[in-house]
Amino acid sequence: MNKIKYVLLCGLAMVPALAHADVSTKVMSQQLDFAQLQAKLQEISDEEFNKLDKDKDGNISQEEYIDYMIEETRKKSAESFSQLDTNKDGKISKEEYNEFVNKATGQMGKFLKMMQEQQQK
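Per the counting criterion, the structure on display carries 3 salt bridges. Salt-bridge contacts for Lys40 lead to Glu43; the nearest nitrogen and oxygen are separated by 3.4 Å. Taken together, the residues span about one helical turn, with Lys40 and Glu43 both in helix H4 (residues 34-52) at a distance of 3 residues. Close ionic contact of Glu48 with Lys51 constitutes a salt bridge, the shortest N to O distance being 3.0 Å. Of the two residues, Glu48 and Lys51 both sit in helix H4, 3 residues apart, roughly one turn of that helix. According to the relative accessible area criterion, Lys51 is partly exposed, its value standing at 43%.

This is the structure:
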């Protein structure tokens, strides 16, 4: 991944509403030059703004923002619960939870290694 795309995606991850929109997945799935990347990010930003602006008054109220964030958090929580509940019994056992933690720890290690390699370039 080139450094410009990497920096932009890291910056976007810090914007709560856009982070919930899986912007990095939408952008990374395409090979774009810088101008195309900017245009695509603006398109995604506009789509997300419109989702949040429920009453279409051109502004996002605190209530609209909170409602959106709650709904997105519920969706993500349901998805993650489903992934953790590997035997699909509607519960997360200690074993399932530990398996998740071990997997996440391994992935975090890979991410940190990638970050170190990027800094060395």
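Moving on, we come to the packing of aromatic side chains. Per the stated rule, a full pass over the model turns up 1 aromatic pair. Geometrically, the ring pair formed by Tyr97 and Phe100 is tilted, given 6.4 Å between the ring centres and 50 degrees between the ring planes. Here Phe100 and Tyr97 lie together in helix H6 (residues 94-120), a separation of 3 residues that amounts to about one turn. Residue class for Tyr97 comes out partly exposed when judged on its relative accessible area of 44%.

Criteria and cut-off values
- Residues numbered from 1 in each chain as written.
- Predicted model: local features only at pLDDT ≥ 70, side-chain atom pairs only at ≥ 80, totals over all residues.
- Heavy atoms only, no water.
- Salt bridge = Lys/Arg side-chain N within 4 Å of Asp/Glu carboxyl O.
- Helix = DSSP H or I, 4+ residues; strand = E, 2+ residues; numbered from the N terminus.
- Buried < 20%, exposed > 50% of the residue type's maximum accessible area, 1.4 Å probe, protein only.
- Phe/Tyr/Trp six-rings, centres within 6.5 Å; stacked < 30°, edge-to-face > 60°.

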